[in-house]
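Structural overview for review
If you want the building blocks of each chain, they are given just below.
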Amino acid sequence: DKIDMLKNTKKTARLVLKNFSFLLILFALFFNNNTNAQENGKKFIGFIDALEGKASKGDADNLVELKEFDQIFENEKIKIAPNSSIVISFIDNSILTLENDSEFFVEKFDKISVEPSFIIVVPKGKFVFESGTIAKDDKGVMKIKLSDAEVNLKGTLISGAVTDEEITVALFTDTTGNEGSIDFTIDGQTTTITESGAGINLSGDNVEN
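All of these numbers come straight from a predicted model, not from anything done at the bench. (Residues numbered from 1 in each chain as written. Predicted model: local features only at pLDDT ≥ 70, side-chain atom pairs only at ≥ 80, totals over all residues. Heavy atoms only, no water.)

**A word on the environment of Thr 168**
One can find Thr 168 in strand β12 (residues 166–172). By relative accessible area, which is 12% here, Thr 168 ends up buried. Between the C-alpha atoms of Thr 168 and Ile 200, which are 32 residues apart in sequence, the distance is 5.6 Å. (Helix = DSSP H or I, 4+ residues; strand = E, 2+ residues; numbered from the N terminus. Buried < 20%, exposed > 50% of the residue type's maximum accessible area, 1.4 Å probe, protein only.)

Structural data, given as structure tokens:
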């Protein structure tokens, strides 16, 4: 699993470098659509940068197949099929990679407030997240909710997985060289990780650092 996390971390790092200039182009292309989306009560927060296999949004009665460059909105539930992977680029320059029967949605995304906030919910699956400007803001709140646990990030890159049996999270140096930190909280108890390569494995009632 650690080898897979490192592979995903390197893959995400390459995508961050590739996507920087690409994001600038796509922001211009999406500007008009973004305005319309806001007017229709949906907040545009990013787009699908890469998709291998299949992914969809919605519920069982109204599933919509997704494709590369589709826009992503706040509170859209997205499912990644088995043997598939997806890369989401958000408008704060953060990048989320998920694979193999994963699910996620963005509970909150506020980039323009004095205290910006970004909350992602991952009920199940494997992921790598490279944090953007919100997590690097001194007043920013960046959270990833994993089943019964919650991870608070400060300007960093993390890899993790959520299954019925366990939750794992590991901290890595991001592509800008920033190591950052994470606070892992479950049942009111918080563990802080500041060392690259360190992580937490929560299995049943046991927590291993």
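From this point, the narrative continues.
**Here we look at the pairing of strand β8 (residues 117–130)**
The side chains of a regular strand alternate, first on one face of the sheet and then on the other. Of all 14 residues making up β8, 11 are buried, and the element is well covered by its neighbours. Sheet topology places strand β7 (residues 95–110) next to β8; 11 bridges connect them, and they run antiparallel. Residue pairing in the sheet places Ile 95 in a bridge with Glu 130 of β8. Sheet topology note: the β8/strand β9 (residues 141–146) ladder contains five bridges and is parallel. By the bridge assignment, Phe 118 is partnered in β9 with Met 142. Relative to strand β11 (residues 157–162), β8 runs antiparallel, the two sharing six bridges. The residue bridging Phe 129 from the neighbouring strand is Ile 158, located in β11. (Pairing = 2+ DSSP bridges.)

**Quick word on the packing of aromatic side chains**
Within this structure, the stated rule accounts for four aromatic pairs. Between the aromatic rings of Phe 109 and Phe 118, the centroid separation amounts to 4.8 Å while the plane-to-plane angle is 75°, which identifies the pairing as edge-to-face. A relative accessible area of 0% places Phe 118 in the buried class. Between Phe 118 and Phe 129, the aromatic rings sit 6.0 Å apart at their centres with planes inclined by 75°, giving edge-to-face as the arrangement. Comparing Phe 118 with Phe 129, the two get one shared label, buried. Ring-pair connections join several aromatic residues into one group, and the members of that group are Phe 90, Phe 109, Phe 118 and Phe 129. The ring of Phe 73 has Lys 42 lying over it, and the distance from NZ or CZ to the ring centre is 4.5 Å. Sitting over the ring of Phe 105, Lys 77 keeps its end group 5.8 Å from the ring centre. (Phe/Tyr/Trp six-rings, centres within 6.5 Å; stacked < 30°, edge-to-face > 60°. Lys NZ or Arg CZ within 6 Å of the ring centre and 35° of its normal.)

**What about the nonpolar core?**
With 40 residues, the main nonpolar core has Phe 104, Ile 120, Phe 129, Ile 144 and Ile 158 as its most contacted residues. With near-sequence residues (within four places) excluded, Ile 158 lies in contact with Phe 127, Val 128, Phe 129, Ile 144, Val 151, Leu 153, Val 169, Ala 170, Leu 171 and Ile 182. (Core = buried A, V, L, I, M, F, W, Y, C linked by side-chain atoms within 4.5 Å. Contact = heavy atoms within 4.5 Å.)

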